[in-house]
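Geometric and topological summary
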Amino acid sequence: MYHRFDENKYPSTNIRMEFFLKHVQLINSLNYEFIHPNEFKKKFDTPKKQKKILLTIDDGFQSFYEVAWPFLKKNEIPFILFISTEPVGNKGYMNWDQIREIEKEGFVVIGHHSHTHEYLIEKSNEEFINDIETANSIFKNKLGYVPDLFSYPFGEYSEFMRNYVSNNFTFAFGQHSGVIDLNKEKFQLPRFPINENYGEMKRFKTIIKTYPLEYKNLNPIEKKLNNQKNPPDFSVEFFNNQKNIENISCYSNEGDLWEKSDIKFNNNILTIIFREPFVPRRGRVNCSLNDEGKWRWFGTQFIISKN
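Residues numbered from 1 in each chain as written. Predicted model: local features only at pLDDT ≥ 70, side-chain atom pairs only at ≥ 80, totals over all residues. Heavy atoms only, no water.

**What about the overall build of the protein chain?**
Where we set the bar: Under the scheme used here, helices are H or I runs from DSSP no shorter than 4 residues and strands are E runs no shorter than 2 residues, and both carry numbers assigned from the N terminus. The buried label goes to any residue with under 20% of its type's maximum accessible area, the exposed label to any with over 50%, and the partly exposed label to all in between, with areas taken from a 1.4 Å probe on protein chains only. Working rule for contacts: check all heavy atoms of both residues, and any pair within 4.5 Å makes them a contact. Only the protein chains shown count as cover for residues, with accessible areas throughout obtained via the Shrake-Rupley method and a probe of 1.4 Å. Asp and Glu count as negative and Lys and Arg as positive, but His and the ends of the chain are not part of the count. Lysine's charge is taken at NZ, arginine's at CZ, aspartate's at CG and glutamate's at CD.
In terms of helices and strands, the protein chain carries seven helices and 19 strands. The principal-axis extent of the C-alpha atoms belonging to the protein chain is close to 55 × 50 × 40 Å. By the burial criterion, 51% of the 307 residues in the protein chain qualify as buried. Taking the contacts inside the protein chain whose residues are at least 6 apart along the sequence as the reference set, 62% of them involve residues at least 24 apart. Carbon and sulfur atoms make up 46% of the accessible area of the protein chain, which amounts to about 14900 Å² in all. One way to put it: in the protein chain the 41 positive side-chain charges average out to a point 4 Å from where the 40 negative ones average out.

Encoded structure:
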């Protein structure tokens with residue numbers, strides 16, 4: 001997941017184009033292919049023999065159009081461009097003519113990224129639905145259709161939001177790190193955010209070579225935590241055929257401090273005993289496993305409600 005390009009005053013969402021070019025070069029040197037979003041949708045439930053890379057761009061910043069788009073167009077690298085409809089045409093953002101120019105290329109798919117791109121998880125359910133429906137109307141007017149791929153603003157969602165999205169879109173993406181596999185829930189798909197802080201080559205190489213850590217169930221289902229449910233009762237049920245599961249280690253940031261988690265195992269079910277509550281705004285858990293030289297990874301994110 002990328003956002004801005006060569007906008008160096010925004011390091012948390014920016015990547016320098018020189019590093020993006022190195023990222024693509026590394027992907028090509030490892031003989032990984034960029035998967036077309038339509039192929040991704042079509043073959044999601046098919047067991048994979050070869051890892052492929054799904055490139056996503058969020059927000060539709062002008063810097064993407066000016067800096068990265070010419071390279072992607074020249075090389076016909078497929079990607080999803082997630083657009084929030086309200087900022088379109090504002091300073092620093094692409095306009096609809098530019099979006100339509102990109103959208104007409106066969107290797108690009110436009111995705112839905114809400115209307116306002118506000119912290120929708122803090123809005124009422126009615127306000128959330130209204131935001132999505134407002135964007136739907138604008139997409140219909142400007143593109144002639146409503147995109148069926150969704151990206152949660154800030155990667156944040158409640159169970160209500162996830163349920164609504166699952167009834168109105170075909171796939172939805174968060175911002176929790178991890179590798180997609182056919183057992184991942186279609187409306188809580190992970191992505192590795194790439195920026196100046198997390199885009200240097202050593203980390204990127206590790207990410208690209210990472211494999212999915214597959215699991216059967218993850219609890220709690222509700223990712224929005226209030227005071228009564230913070231910290232949550234956390235558990236992950238793994239499949240029986242997962243080898244070397246005893247090598248797993250997890251890190252979590254409760255108390256706003258990243259430390260190794262206190263984990264316990266019972267019949268392929270991992271539980272974490274959190275040290276203390278998560279601090280607003282986000283709680284994260286990342287688990288990795290050395291599976292005979294293959295590093296496997298999954299992450300999850302909680303949103304700490306002010307209510």
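**Quick word on the side chain of Ser84**
Put simply, the rule reads: Polar contacts, as counted here, are pairs of nitrogen or oxygen atoms within 3.5 Å of one another; within protein the pair requires one atom able to donate a hydrogen and one able to accept it, and residues that are adjacent in sequence qualify only if both atoms are side-chain atoms.
On the secondary structure map, Ser84 appears in the loop between β6 (79-83) and α4 (96-103). Polar contacts involving the side chain of Ser84 include one to the main-chain carbonyl oxygen of His113, which spans 2.6 Å. Contacts of Ser84, omitting those with residues within four sequence positions, involve His113, Ser114, His115 and His117.

**Digging into helix α6 (residues 159-166)**
Of all the residues in α6, the buried ones are Glu159, Met161, Arg162, Tyr164 and Val165. The inward-facing, buried residues of α6 abut α5 (125-143), β8 (149-151) and β9 (171-173).

**Re the sheet that holds strand β17 (residues 269-273)**
Condition: Any two strands between which DSSP finds at least two bridges are classified as paired. Axis definition: a line fit to C-alpha positions, over the contact stretch in the case of helices; interaxial angles, taken between N-to-C directions, run 0 to 180 degrees.
Strands sit in the order β11-β13-β17-β16 across an open sheet of four strands; the sheet is antiparallel. Both edges of this open sheet fall to β11 (217-219) and β16 (262-266), since each of them pairs with a single strand only. The mean angle between the axes of side-by-side strands here comes to 15°, regardless of whether they run parallel or antiparallel.

**Here's the deal with the state of the cysteines**
Note the threshold: Sulfur atoms of two cysteines make up a disulfide when they are within 2.5 Å.
Tallied over the entire structure, the rule returns one disulfide. Two residues, Cys250 and Cys287, share a disulfide whose sulfurs are 2.1 Å apart. Measuring handedness by torsion sign, the sulfur bridge of Cys250 and Cys287 sits at about 105° and is right-handed. Here Cys250 is found in strand β14 (residues 249-252), whereas its partner Cys287 is found in strand β18 (residues 282-291), with 37 residues between them in sequence. Here Cys250 matches Cys287 in class, with each residue buried.

**Observations concerning the pattern of salt bridges**
The criterion, for reference: Think of a salt bridge as a Lys or Arg side-chain nitrogen and an Asp or Glu carboxyl oxygen that are within 4 Å of each other.
Overall, the coordinates contain 22 salt bridges when judged by the stated rule. A salt bridge links Glu237 to Lys216, with the shortest nitrogen-to-oxygen separation between them at 3.8 Å. Of the two residues, Glu237 sits in strand β13 (residues 234-237) while Lys216 sits in the loop between β10 (211-212) and β11, which places them 21 residues apart along the sequence. Look at Glu237 and you get partly exposed, because its relative accessible area is 24%. We note a salt bridge from Asp291 to Arg296, for which the minimum N-O separation is 2.9 Å. Of the two residues, Asp291 and Arg296, both sit in the buried class. In this structure, a network of salt bridges that share partners links the residues Glu33, Glu39, Lys43 and Lys52.

Coordinates in, geometry out; function isn't part of it.
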